[in-house]
Amino acid sequence: MKNLHVKIAIYLTIIFSFNMSYSQVTVTKSSSNLDKKWWKEAVIYQIYPRSFKDSNGDGVGDLKGIISKLDYIKSLGIDAVWLNPIYESPNDDNGYDISNYREIMKDFGTMEDFDVLLKGMHARGIKLIMDLVVNHSSDEHEWFKQARSSRDNKYRDYYHWWPAEKGKPTYRWSFFDVNSEAWKYDAPTNSYYLHYFSQKQPDLNWENPKLRNEVYDIMRFWLDKGIDGFRMDAFQFASKDTTWPELPKGYEKQIEKYYGKGPHLHEYLQEMNREVLSKYPNAMTVAEGAGTSPKDAMEFVDPDRKELNIAYHFESVSVGDCLSDLGLVKFKNIFSKYDEEFKDKGWLSIFLANHDQPRMINKFGSDTPEFRELSSKMLSTFVLTMRGTSFYYNGDEIGMTNAKFNSIDDYQDVDTRNKYFGLKQKGGDLSAFLEGQKQTSRENGRTPFQWDASKNAGFTTGKPWLKVNQNYTTVNAEIEENNPNSILNYFRKIVKLRKQYPVLVYGKYTLLDKENPKVFAYTRELEGKKLLVLLNFSSDSANVKTGVEFENSKIISSNYPTSTINNRSVLRPYEALIVEVK
Ligand code: GLC
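What counts, and at which threshold
- Residues numbered from 1 in each chain as written.
- Predicted model: local features only at pLDDT ≥ 70, side-chain atom pairs only at ≥ 80, totals over all residues.
- Heavy atoms only, no water.
- UniProt positions renumbered as here; feature names shortened; annotations may be inferred.
- Pairing = 2+ DSSP bridges.
- Helix = DSSP H or I, 4+ residues; strand = E, 2+ residues; numbered from the N terminus.
- Axes fitted to C-alpha atoms, helices over the stretch in contact; angles between N-to-C directions.
- Contact = heavy atoms within 4.5 Å.
- Near = heavy atom within 4 Å.
- Polar contact = N/O pair within 3.5 Å; in protein donor to acceptor, adjacent residues only side chain to side chain.
- Nonpolar A, V, L, I, M, F, W, Y, C, P; charged D, E, K, R; others polar.
- Expected span 1.5 Å × (residues − 1).
- Buried < 20%, exposed > 50% of the residue type's maximum accessible area, 1.4 Å probe, protein only.
- Arc of directions from axis to C-beta.

- The name an unreviewed UniProt entry gives the chain is Alpha-glucosidase, with Flavobacterium cellulosilyticum as the organism.
- The record in UniProt for the chain states the following under Sequence similarities (unreviewed entry): "Belongs to the glycosyl hydrolase 13 family."

### Quick look at the sheet that holds strand β20 (residues 576-580)
Okay, step 1: Here we have five strands laid out as an open sheet, ordered β14-β15-β16-β20-β18, and antiparallel in their pairing. A single partner strand is all that each edge strand has here, and the edge strands are β14 (508-512) and β18 (554-558). Between one strand axis and the next, the sheet turns through 20° on average, direction left out of account.
Okay, step 2: Relative to strand β15 (residues 519-526), helix α13 (residues 328-342) is tilted by about 20°, and along the sheet it contacts β14 and β15.

### A few points about the site of the ligand
Okay, step 1: Taken together, 13 residues lie near the ligand, and Asp93, His136, Asp233, Glu288 and Asp356 sit nearest.
Okay, step 2: A distance of 2.8 Å is found between an oxygen atom of the ligand and a side-chain nitrogen or oxygen belonging to glutamate 288.
Okay, step 3: Measuring from an oxygen atom of the ligand, one finds a side-chain N or O atom of arginine 442 at 3.0 Å.
Okay, step 4: Taken together, the residues of the shell around the ligand sort by class into three nonpolar, three polar and seven charged.

### Notes on the UniProt feature "domain: Glycosyl hydrolase family 13 catalytic" (unreviewed entry) in the chain
Okay, step 1: Residues annotated in UniProt with the feature "domain: Glycosyl hydrolase family 13 catalytic" (unreviewed entry) correspond here to residues 46-446.
Okay, step 2: A distance of 12 Å separates the end C-alpha atoms of residues 46-446, which is 33% helix and 12% strand.

### A closer look at the pairing of β14
Okay, step 1: Pairing between β14 and β15: five bridges, direction antiparallel. Each bridged residue has a counterpart across the sheet, and for lysine 508 the counterpart in β15 is glutamate 525.
Okay, step 2: From the end of β14 to the start of β15, which pair antiparallel, there are six residues, and aspartate 513 there has a positive phi angle of about 45°.

### Here we look at helix α8 (residues 209-225)
Okay, step 1: Between the first and last C-alpha of α8 there are 25 Å, a value that for 17 residues agrees with the 24 Å anticipated at 1.5 Å per step.
Okay, step 2: Looking only at α8, the buried set comprises Leu211, Arg212, Val215, Tyr216, Ile218, Met219, Trp222 and Leu223. Across the axial projection of α8, the buried residues extend over an arc of 155°, all falling on one side. Projecting away from the buried face of α8 at angles above 90 degrees are the exposed residues Lys210 and Asp224.
Okay, step 3: For α8, the N-terminal cap is asparagine 208; the gap from its side-chain oxygen to the backbone nitrogen of lysine 210 is 2.9 Å.

Below you can see the structure in the form of structure tokens.
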């Protein structure tokens, strides 16, 4: 009976949202992914506030800086901005260690600035998604200060503790600890506390209902201010098995499997939905990390389960140092298997970069003068033509590349620095480590935004908190703005195309020429419209066999200056074509 109701509801939604004839409805009735939502159609532009634009010359990007660039942001055609954390924080992990969830970090400005920013975005039709970092807080949060002061403090159970008289707690690996140990001894109460990330990021105890209610209040505070949703940081790790069992040797290599999806995770998400999210039906949520398989990811966003909206998995960016480590065939398979799981319900994000990744060009394309522009355009085509919400990282629209710092002194990141000093203690090969970081460090993607060719790329009049990439005189927004065929203008064009062609949002995805090691080819189909996307992920010419007849079709986008439809069984290096198939 319940199933029948669900089916009828799906039918009605489809009929009302698409106003289609009955015969068309019967073709698509199984796909609840035709249920229209703004966040499915959105292109979300991620801003790393520390590096976007500095307004006061202190070398750190700030809210006023973002405000001064709102017209630029609007000009991209994007729908929403995801802002990395801007809350009060001692900045051990660039704002992912929050000491007050209801205040703005001084480096970034004030709550008044925030209100102006939000108003300015909304006035331009841009929504704002905030980062919600509640797997852990800062050790400088009042809760933790109280909790560590005595064993019977009322905030004690907001965190995980292990009394030292019971001996050492079971070993847990930490992402950012110099010694990779997640339990840290704390003298005032002769106990250990848990930190999966840095020592200054103690994990919050989600098993405590009081803590959960505090978080729900924080969420209401921001939603009542009018923000449009949350990106849930590291949330898959929130629930813990507090019996602390021994874990198999080497488990750190599959950390999501052992730390993710704790015993009560989905209960908490459902509670969060009931208590908060269901009251703000227009707000969207995206989970950072969603288990280790498409099925796991679905559990976060299956609409019937009433948890979150968009899943964001790491398999596609965990390809090694660069795409060739994995190979394009496996890469295509990852996207295809996720799409298969999500074809009828649930929703995914599509991204190739963010603040935890090197630049997308370096990982998936090529930063050489010959191919930087072509490969960047090709990768943007990919992000904007797959099924899923496009998440696009600031700077990629102007083709920014890895910074490739030479010295540890150039790095500020707790991840790189603690790994370096941990290795140093063990007598490891530091120069090999630094060489590797040129390709993998997340600070490659965090260098200041390159606005123009003036000093510090126009980012700041002061000393930038992180070195500007040396290529700023040739790679910058001003140059891109003035060239109609630039990476930037191409990005704007494809964003527009995504709006113009709902098939790019809702259309069925089919992978073609599966075993092709160089070309990613697929179709998107909806209500009789069919687009063919051909992407050469290599720096060579490549053959492609799609089996799609498209001699009379129209190329609606190309990343080369001239393109004809003839003989498209060969693609030029990093060529990207979108073809409307007739
Ligand atoms: C997430 C963030 C990352 C941060 C970590 C700890 O993975 O994206 O930047 O360091 O969580 O909060």
